Amino acid sequence: MDRQSTGLLIALGAIWGASHLFTRVAVPALGPVALIALRVLLAAALLAALARLYRQHGNPLRPTRFLLTIGVLNTALPFFLLAFAAQSLTASMLSILNATAPIWGALIGSLHARRLPPWRVGCGLALGMLGVGLVVGLDGVLSAPGSGLAVGAALAATFSYGLSSQLIRWYGKGVAPFQLAHGSMWWAAIAILPWLGVAPPRSMPGIWALLGVLVLGLLCTGVAYVMYFRLVERAGAMRALTVTFLVPVFGVLWGHAVLGEPLGPHTFAGTAVVLLGTALATGFLPGQLKKSRAGNP
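Thresholds applied
Residues numbered from 1 in each chain as written. Predicted model: local features only at pLDDT ≥ 70, side-chain atom pairs only at ≥ 80, totals over all residues. Heavy atoms only, no water. Patch = residues over 30% accessible without salt bridge, like charges linked within 9 Å, V, L, I, M, F, W, Y side chains within 5 Å. Areas by Shrake-Rupley, 256 points an atom, 1.4 Å probe, with all protein chains shown as cover. Salt bridge = Lys/Arg side-chain N within 4 Å of Asp/Glu carboxyl O. Helix = DSSP H or I, 4+ residues; strand = E, 2+ residues; numbered from the N terminus. Buried < 20%, exposed > 50% of the residue type's maximum accessible area, 1.4 Å probe, protein only. Expected span 1.5 Å × (residues − 1). Contact = heavy atoms within 4.5 Å. pLDDT = per-residue confidence, 0-100. 1 Å grid on protein atoms, 1.4 Å probe; cavity = no way out; pocket = protein on both sides within 12 Å on 5 of 7 lines; lining within 4 Å. Points joined across faces, edges and corners; volume = space filled by probe spheres on them. Nonpolar A, V, L, I, M, F, W, Y, C, P; charged D, E, K, R; others polar. Phe/Tyr/Trp six-rings, centres within 6.5 Å; stacked < 30°, edge-to-face > 60°. Polar contact = N/O pair within 3.5 Å; in protein donor to acceptor, adjacent residues only side chain to side chain.

**Q** Which parts of the structure should I look at to understand a nonpolar patch on the surface?
**A** Taken together, the side chains of Ile-207, Trp-208 and Leu-211 present a nonpolar region at the surface, about 380 Å² in accessible area. Along the chain, Leu-211 falls in helix 8 (residues 207-235). Residue Leu-211 is classed as partly exposed on the basis of its relative accessible area, which comes to 37%.

**Q** What is the right way to look at helix 5 (residues 119-139) in this model?
**A** Residues spaced three or four apart along an α-helix face the same direction, because each turn holds 3.6 residues. For helix 5, with 21 residues, the first-to-last C-alpha span of 30 Å sits near the 30 Å given by 1.5 Å per residue. Looking at the buried residues of helix 5, the elements they touch are helix 3 (91-98), helix 4 (101-112), helix 6 (147-171) and helix 11 (265-282). One or two steps after helix 5, the chain reaches Gly-140, where phi turns positive at roughly 75°.

**Q** I keep staring at the confidence of the model for the protein chain and nothing clicks. Help me out?
**A** It should be kept in mind that the predicted coordinates are not to be read in detail where pLDDT is low. Averaged over every residue, the pLDDT of the protein chain is 88; the share at 70 or more is 95%. Averaged pLDDT values over the elements of the protein chain bottom out at 49 in helix 12 (residues 286-292) and peak at 96 in helix 2 (residues 64-85). Note on residues 289-297: pLDDT under 50 across the span, and 16 contacts to partners over four residues away in sequence or across chains.

**Q** Sorry, what's going on with the layout of surface pockets here?
**A** Picture a little ball the size of a water molecule; that probe, rolled over the atoms, points out where space is still empty. Here the second largest pocket is characterised by a volume of approximately 330 Å³. If you trace the second largest pocket, you find it lined by Leu-50, Tyr-54, Gln-56, Pro-177, Phe-178, Ala-181, Tyr-225, Val-226, Phe-229, Arg-230 and Glu-233. Those elements giving two or more residues to the lining of the second largest pocket turn out to be helix 7 (177-192) and helix 8. Per element, the largest residue contribution to the lining of the second largest pocket is 5 residues, and it comes from helix 8. Taken together, the residues of the lining of the second largest pocket break down into 8 nonpolar, 1 polar and 2 charged.

**Q** Honestly, the environment of His-112 in this entry has me stumped. Any pointers?
**A** Tracing the sequence through the fold places His-112 in helix 4. Between the alpha carbons of His-112 and Gln-166 there is a distance of 9.3 Å; along the sequence they are 54 residues apart.

**Q** Could you clarify how one ought to interpret the packing of aromatic side chains in this entry?
**A** Overall, the coordinates contain 3 aromatic pairs when judged by the stated rule. Note on Trp-16 and Tyr-228: the rings are 5.7 Å apart at their centroids and 45° apart in plane angle, and the pair reads as tilted. You can see Trp-16 sitting in helix 1 (residues 3-53) and its partner Tyr-228 sitting in helix 8, a full 212 residues away along the chain. Between Trp-170 and Tyr-171, the aromatic rings sit 6.3 Å apart at their centres with planes inclined by 80°, giving edge-to-face as the arrangement.

**Q** Got a minute to help me understand the side chain of Thr-221 in this structure?
**A** With respect to the helices and strands, the residue Thr-221 is situated in helix 8. Exposure remark for Thr-221: the relative accessible area of 0% places this residue in the buried category. Only 2.7 Å separates the side chain of Thr-221 from the side chain of Arg-39, close enough to count as a polar contact. In this view, Thr-221 contacts Arg-39, Ala-43, Phe-79, Met-185 and Leu-216; residues no more than four positions away in its chain are not counted.

Written as structure tokens, this is what we have:
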């Protein structure tokens, strides 16, 4: 990567790593539904402004079926599940669990092809789950009431990410990256807004909760989406995937530095095992990266 691409990669890892921290700050006052509704509305409004600035014409909601599906599976549903889990789990643990998304994507791809996963993908899935077990089990998370459900919700969110990534790969040809981000974000907002009638904000949010919502919507979602697609354009999809390895690292650091979350040997060991599983499942190894360079811009 050149310097600009490397800078984008590090900045994106730091931003997405901080997203769970801001979720933890804002969710107690707003609740998961209201928090995510505000988050996606802010991001959609920002993307609409950018579309106007860069003269991205056309109806952002089309193609309807595809963008609606991606809006739900890649944004509304996983955002909600992670916000629900953030009520019980630390930002550090959410970041580590979030790193399993590419593992699910690789497994879903193998099942769609109707063949057994390659040994590398199978080992990656096994190692990823072992890493999750190390972090969750040795941290004593499951001893707290409701924590088991929270861990399940976080893993369901990463499964949704993995499924949506494969759907984009299979059916997203012809949909420009910015159109995908803009349109799916509006469909995510449309999908989650009706639920506000069932689960309105719990209380009037304080200044820190409001700041958390603003940062989540504008920086961690709207700006981050634009940065990511810019990184894919400059460095190629394979190298842009390395952000997966930076997010849990930054997430653990932010959680410890800002929220005072404890770090133990199991945290580092579990994170390392999860990331090794992700590398195996996605084929992101030094040899594969070198081979991919000729095909990436």
